[in-house]
Amino acid sequence: MKTPGAVLLLLWLGLLAGAAESEDIDLLELKYLRSQVQDFESRLQASEKKTRDLENEIKNLKENSGGKIVFSVSLEKDALYEHTGPFNIGTTLIYKQVFINIGDAFNPITGFFTAPVRGVYDFSFSVLGYGGSARVGAHLRRNGQNLVMAYATLDRGDINASNGVSVLLEEGDKVDVYLPAEHRILDNLNHHSTFRGHLLFQM
């Protein structure tokens, strides 16, 4: 079965062939149209490769999970005192300490959790702040859209904030914890800033 993009590409090629035979367009215009078709074909191939890669990732997650999906991670591994942020732009948090990752649905390199199956998942996260006037907080996101936020401000001392949510995810949906611009959080070997989640049931 041809994809919609492939069908559209064939239509483009048919138009070019018909136009060349009827001499309705000049040579320069024909070259321009051919370059447009080639550009479209390149972008189509890139899009199809991205789709195949995502399908393979989901297939591998299903095979590895055995229906059991759970992960628990912490921002730092063994640091005595480590701040993340503040940055000029927001960023996905990368968690260095992995306590458990059954099903391998959480990617410690990218910081993203990818749902291997459609179902209801439960997530929670916490952030620690210490001293200064920087804002302490982070968003839990689904496919780049904010779901909930843990947030606090402080002038001195330390403070902890946390939040969580149960949410329906489609196969391939991605969840991450996002540090907004001009925010910072702290973690150390006691693991105060954490992220965890698990599959409650499939739908």
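Report follows, based on the coordinates. (Residues numbered from 1 in each chain as written. Predicted model: local features only at pLDDT ≥ 70, side-chain atom pairs only at ≥ 80, totals over all residues. Heavy atoms only, no water.)

**Notes on the pairing of strand β7 (residues 119-130)**
By the criterion of burial, β7 is predominantly enclosed, with 11 of the 12 residues buried. Taken together, the 12 bridges between β7 and strand β10 (residues 158-169) define a ladder with antiparallel strand orientation. What sits directly across from S124, in β10, is G164. Here β7 runs beside strand β13 (residues 194-202); their pairing, made up of 7 bridges, is antiparallel. Each residue of the ladder has a partner; that of Y121, found in β13, is L199. (Buried < 20%, exposed > 50% of the residue type's maximum accessible area, 1.4 Å probe, protein only. Helix = DSSP H or I, 4+ residues; strand = E, 2+ residues; numbered from the N terminus. Pairing = 2+ DSSP bridges.)

**Topic: the environment of N146**
The topology assignment puts N146 in strand β9 (residues 145-152). In this structure N146 comes out as partly exposed when scored by relative accessible area, which is 46%. In this structure the C-alpha to C-alpha distance between N146 and Y178, which are 32 residues apart in sequence, comes to 8.7 Å. Those residues in contact with N146 that lie beyond four places of it in its chain are H139, L140 and R141. (Contact = heavy atoms within 4.5 Å.)

**What to know about the environment of N88**
For N88, the position within the fold is in the loop between β2 (82-84) and β3 (91-92). When residues no more than four places from it in sequence are discounted, the contact partners of N88 are A181 and E182.

**Details of the nonpolar core**
Counting residues in hydrophobic clusters, the biggest one holds 31 residues, and the most contacted among them are F113, Y121, F123 and F195. Of all the elements, β7 adds the most residues to this core, at 4 residues. (Core = buried A, V, L, I, M, F, W, Y, C linked by side-chain atoms within 4.5 Å.)

**What to know about the environment of K174**
If you trace the backbone, K174 turns up in strand β11 (residues 174-179). Distance from K174 to P116, taken between C-alpha atoms, is 9.7 Å for residues 58 residues apart in sequence. Side chain to side chain, K174 and T114 meet in a polar contact 2.7 Å long. (Polar contact = N/O pair within 3.5 Å; in protein donor to acceptor, adjacent residues only side chain to side chain.)

**Digging into a nonpolar patch on the surface**
Together, L80, Y81, Y130 and L189 give the surface a local cluster of nonpolar side chains, amounting to about 440 Å² of exposed area. By the secondary structure assignment, L80 is in the loop between β1 (70-74) and β2. Exposure remark for L80: the relative accessible area of 70% places this residue in the exposed category. (Patch = residues over 30% accessible without salt bridge, like charges linked within 9 Å, V, L, I, M, F, W, Y side chains within 5 Å. Areas by Shrake-Rupley, 256 points an atom, 1.4 Å probe, with all protein chains shown as cover. Salt bridge = Lys/Arg side-chain N within 4 Å of Asp/Glu carboxyl O.)

**So, unusual backbone geometry**
For the bond from G85 to P86, the omega torsion is 0°, close enough to zero to count as cis. Looking at where P86 falls in the secondary structure, it is placed in the loop between β2 and β3. Although it is not a glycine, N143 adopts a positive phi angle of roughly 50°. With respect to the secondary-structure elements, N143 resides in the loop between β8 (136-142) and β9. The phi dihedral of H191 is positive, around 60°, even though this residue is not glycine. Positionally, H191 belongs in the loop between β12 (185-187) and β13. On the basis of relative accessible area, H191 is assigned to the partly exposed category, the value being 21%.

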